[in-house]
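# Breakdown of the fold
One letter stands for each residue in the lines below.
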Amino acid sequence: MSRAPVLADTLAPPHIAPWSRRLPALAAALTTLILGAIGLGGAQLWRDELASWSAARRTVGELLAMTANADAFYLPYYLFLHYWMAIFGDSEVALRLPSLLAAAGTAAVVAALAGRWFGTRAGWCAGLLFALVPMVTRMAQEARPYAFVMLFIALSTYLLLRALDEPSWRHWAGYGVALAAVGLTQLTAFAIVAGHVVLVLARWQRPWRFALTALLAVLPAAPLAVLSLSGGQGAVGMIPRPGLLDLFGFTAVAPADSMMWPQLFRSAATAWIVLALALAALLLPQRRRAAGILAVAGAPILVLWAASQAGPSFFFARYLVFLLPVLVVTAGVTLAAARPQAVLVLALAAVAAITVPDQLAARSPGSHDAAFYPYAMFTEGPGQYADYRRLADRLRRDAREGDMIVYANRPDFWFTDTALDYHWRTPDRPRDVFLDRDPIANANLAGTETTAYAARLAGANRVWVIGVGERQDPFAGSPALVAFPARPDKAAAVQAQFALAEVEQTTGFTVALMHRR
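Predicted, not measured: the structure shown is a model, and the values here were computed from it.

## Some details on the overall build of the chain
Counting its regular elements, the chain contains 23 helices and seven strands. A compact globule built from 517 residues would reach a C-alpha radius of gyration of about 24 Å, and the chain, at 25 Å, matches this within 12%. Principal-axis analysis of the C-alpha atoms gives the chain an extent of 90 × 45 × 45 Å. Split into buried and exposed, the 517 residues of the chain put 57% on the buried side. Excluding contacts between residues fewer than 6 apart, the proportion of contacts in the chain whose partners are at least 24 apart in sequence is 77%. Counting every atom, the chain has about 20500 Å² of accessible surface; 67% of that belongs to carbon and sulfur.

Structure follows, in structure tokens:
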């Protein structure tokens with residue numbers, strides 16, 4: 001017998017009654033729903049979610065126009081959110097609910113995937129372990145497409161296994177649709193194909209069907225890829241090139257003193273537990289199957305690391321979240337090997353207890369501003385975050401008819417103007433005095449200002465100056481918050497006509513009221 005069929009035999013799924021596979025999937029989905037629903041609307045929208053809202057509230061034509069300048073790779077998600085908002089509204093809970101449902105769906109598929117190849121017990125373990133990962137909760141409460149890409153990664157991997165076990169064009173078509181959804185949700189997640197190649201080569205069963213299916217699946221996302229790589233398309237160009245230690249996760253491109261694995265799981269303890277369990281699966285009798293699943297996670301890491309050496313860097317923990325379902329499946333295999341059952345129950349309970357601090361941190365008021373783990377970047381001090389609600393309340397309390405707003409640091413990293421658009425929508429809001437073209441007219445996520453500062457200020461008696469960061473001078477910048485100082489001519493124009501009446505610091509911002517001289 002040749003080596004390839006031997007490997008194929010070891011990768012064959014165990015025969016498990018279909019009804020018994022459904023219970024772990026249902027339990028995993030329900031657990032994820034419960035954990036994700038706790039505090040779903042507690043943390044306010046952060047800058048990335050505000051970008052989602054800003055894009056999705058446009059007409060379809062305006063949204064298509066925006067993709068020429070920004071976030072082309074998120075166009076399918078923005079279109080979905082556009083129609084979702086039209087039905088369910090745009091509250092924090094409404095905007096995040098699709099991600100919660102997607103995360104619950106992912107947990108179900110993780111349980112089904114583990115159950116298909118490793119048995120029902122592994123399905124229980126993998127599904128529940130996935131639900132306990134703090135990053136899963138974080139993405140379930142995020143109005144961005146990351147929960148969807150986890151869902152489609154898990155689903156495409158499951159459907160690939162089914163197509164390999166039960167070859168038919170219907171099954172290959174299902175895999176192709178799921179893989180196309182991966183690319184339409186997150187372009188960089190197409191790297192999962194490298195991991196899928198490993199599974200196909202291990203089986204060596206009609207590889208041309210896989211090649212054709214994968215090629216066709218790439219085509220829908222090709223226009224988005226061209227637009228996204230054409231320049232000026234968001235934060236990808238800001239990501240540093242990864243080094244050799246970054247490849248193994250012992251360091252991270254940002255923050256400089258962190259490691260990738262804790263960021264990926266949003267919990268150092270959870271990261272090391274899951275990785276240790278995943279690697280330990282290589283010592284079990286099912287090690288060849290476990291090695292195949294681990295290769296599905298390892299190959300994309302290598303591909304993205306190598307691609308980031310030659311062009312724009314994509315090697316960023318948030319862009320690798322799609323690997324969580326695959327890593328947890330292998331970890332679940334090791335947990336399932338625990339005997340007796342009481343040991344298994346205690347192990348899952350211990351993991352749940354260990355994750356509690358990071359689960360609580362993921363629901364804290366400023367948790368969504370903490371884009372990095374362990375929450376030590378883009379802040380001027382402990383506990384600081386962009387409290388947009390408090391900023392809007394402060395302005396609303398004392399604003400008068402005829403007042404005007406000056407955004408000292410626009411364009412700013414924090415979408416301060418977009419946040420006020422979201423939190424204060426009544427017509428009595430002070431006018432944005434220097435705004436020339438708003439984000440929609442600008443076909444972008446940011447507006448542009450006029451330079452005719454003195455002329456725009458004519459007729460105003462009071463001006464509110466909003467600065468990013470907490471300080472005395474509202475026109476100053478904040479390097480820690482990536483907020484640049486106001487243009488000198490802009491600050492001079494305001495100060496020439498208005499005198500400072502009061503300055504107040506709210507969480508994350510400086511608010512200054514100025515009266516005409």
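Structure shown, so let's carry the discussion forward.
## Here's the deal with the pattern of salt bridges
In total, this model carries 22 salt bridges according to the counting rule given. In this structure, Arg116 and Glu166 form a salt bridge, with 3.1 Å as the shortest nitrogen-oxygen distance. Residue Arg116 is found in helix H6 (residues 92-118), and its partner Glu166 is found in the loop between helix H9 (146-165) and helix H10 (169-185); the two are separated by 50 residues along the sequence. Under the relative-accessibility criterion, Arg116 is labelled buried at 7%. Arg429 is paired through a salt bridge with Asp421; the nearest N and O atoms lie 2.7 Å apart. What emerges from the salt-bridge pattern is a single network uniting Arg394, Arg397, Asp398, Glu502 and Glu504.

## Regarding the sheet that holds strand E5 (residues 462-468)
Ordered in space as E2-E1-E5-E7-E6, the five strands form an open sheet in which the pairing is mixed. Only two strands of the sheet have a single neighbouring strand rather than two, namely strand E2 (431-432) and strand E6 (498-506). Taken together, the four bridges between strand E1 (residues 404-407) and E5 define a ladder with parallel strand orientation. Bridged to Ile405 within E5 is Trp464. Of the strands in this sheet, E1, E5 and strand E7 (509-516) are in contact with helix H21 (residues 416-423), which crosses E1 at around 145°.

## Here we look at a nonpolar patch on the surface
Residues Leu244, Leu245, Phe248, Phe250, Met259 and Trp272 make up a contiguous nonpolar surface patch of roughly 610 Å² in combined accessible area. Following the sequence through the fold, Met259 ends up in the loop between helix H14 (244-247) and helix H15 (260-265).

## Digging into helix H3 (residues 47-56)
Counting buried positions over the 10 residues of H3 gives 10, a clear majority of the element. Among the structural elements, helix H4 (60-66), helix H5 (75-88), H6, helix H20 (388-398) and H21 are those in contact with the buried residues of H3.

## Section: helix H19 (residues 341-361)
The first and last C-alpha atoms of H19 sit 31 Å apart over 21 residues, in line with the 30 Å expected at 1.5 Å per residue. Where H19 bends most, at Thr355, the angle is about 45°, and the proline Pro357 comes one to four residues later. Considered for burial, the residues of H19 that qualify are Leu344, Leu348, Val351, Thr355, Asp358 and Gln359. Contacts from the buried residues of H19 go to helix H7 (120-132), helix H8 (134-140), helix H16 (268-280) and helix H18 (324-336).

## Thoughts on the side chain of Glu449
Along the chain, Glu449 falls in strand E4 (residues 448-449). Of the polar contacts made by the side chain of Glu449, one reaches the side chain of Arg410; its length is 3.0 Å. Polar contacts involving the side chain of Glu449 include one to the side chain of Lys490, which spans 2.9 Å. The residues contacting Glu449, other than those within four sequence positions of it, are Tyr407, Arg410, Phe434, Asp436 and Lys490.

## Quick look at the packing of aromatic side chains
On inspection of all chains with the given rule, the structure shows 18 aromatic pairs. Centre to centre, the rings of Phe378 and Phe413 are 5.0 Å apart; their planes meet at 50°, and the pair counts as tilted. Of this pair, Phe378 sits in the loop between H19 and H20 while Phe413 sits in the loop between E1 and H21; the two residues are 35 residues apart in sequence, bridging distant segments of the chain. For Phe378, a relative accessible area of 18% gives the class buried.

## Some thoughts on the nonpolar core
Ranked by internal contacts, the top residues of the largest apolar core, which has 155 residues, are Trp261, Phe265, Phe322, Leu324 and Leu395. Apart from residues no more than four positions distant in its own chain, Phe265 is found in contact with Val133, Pro134, Met135, Thr270, Ala271, Val274, Leu324 and Leu327. With 18 residues, the next largest nonpolar core counts Val433, Ala491, Ala512 and Met514 among its residues.

Parameters and conventions
The residue numbering used here restarts from 1 in each chain and proceeds along that chain's sequence as written. This being a predicted model, a pLDDT of at least 70 is required before a residue's local features are given, and a value of 80 or more before pairs of side-chain atoms are given or counted; all residues contribute to the totals for chains, interfaces and linings. Just so you know, side-chain values use all the structure's heavy atoms and leave hydrogens and water out. Runs of E in the DSSP output that reach at least two residues are strands. Runs of H or I that reach at least four are helices, and both are numbered from the N terminus. Only the C-alpha atoms count toward the radius of gyration. The rule for a globule is 2.2 Å times the residue count to the power 0.38. Think of it in three bands: residues with accessible area under 20% of the maximum for their type are buried, residues over 50% are exposed, and the middle band is partly exposed, with areas taken using a 1.4 Å probe on protein chains only. In this description, contact between two residues means that some pair of their heavy atoms is separated by no more than 4.5 Å. Under the convention used here, a 1.4 Å probe and the Shrake-Rupley method define accessible areas, while residue burial counts only the protein chains that appear. Should a side-chain nitrogen of Lys or Arg be within 4 Å of a carboxyl oxygen of Asp or Glu, the pair is scored as a salt bridge. Only when DSSP finds a minimum of two bridges between them are two strands counted as paired. Between N-to-C directions, angles span 0 to 180 degrees; the directions come from axes that are lines fitted to C-alpha atoms, helices contributing only their stretch in contact. Here, patches come from residues exposed beyond 30% relative accessible area and free of salt bridges, joined within 9 Å for like charges and within 5 Å for nonpolar side chains (Val, Leu, Ile, Met, Phe, Trp, Tyr). Working rule for helices: expected span equals 1.5 Å times residues minus one. The bend reported for a residue corresponds to the angle between axes fitted to the seven residues ending at that residue and the seven starting there. Counting of polar contacts relies on pairs of N or O atoms within 3.5 Å, with two restrictions inside protein: one atom must be capable of donating a hydrogen and the other of accepting it, and residues adjacent in sequence are counted only when both atoms are side-chain atoms. Working definition: a ring pair exists when centres of Phe, Tyr or Trp rings (six-membered ring for Trp) sit within 6.5 Å. Plane angles under 30 degrees give stacked, over 60 give edge-to-face, the rest tilted. Nine residue types can take part in a nonpolar core, namely buried Ala, Val, Leu, Ile, Met, Phe, Trp, Tyr and Cys, and a core is a set of them joined through side-chain atoms within 4.5 Å.

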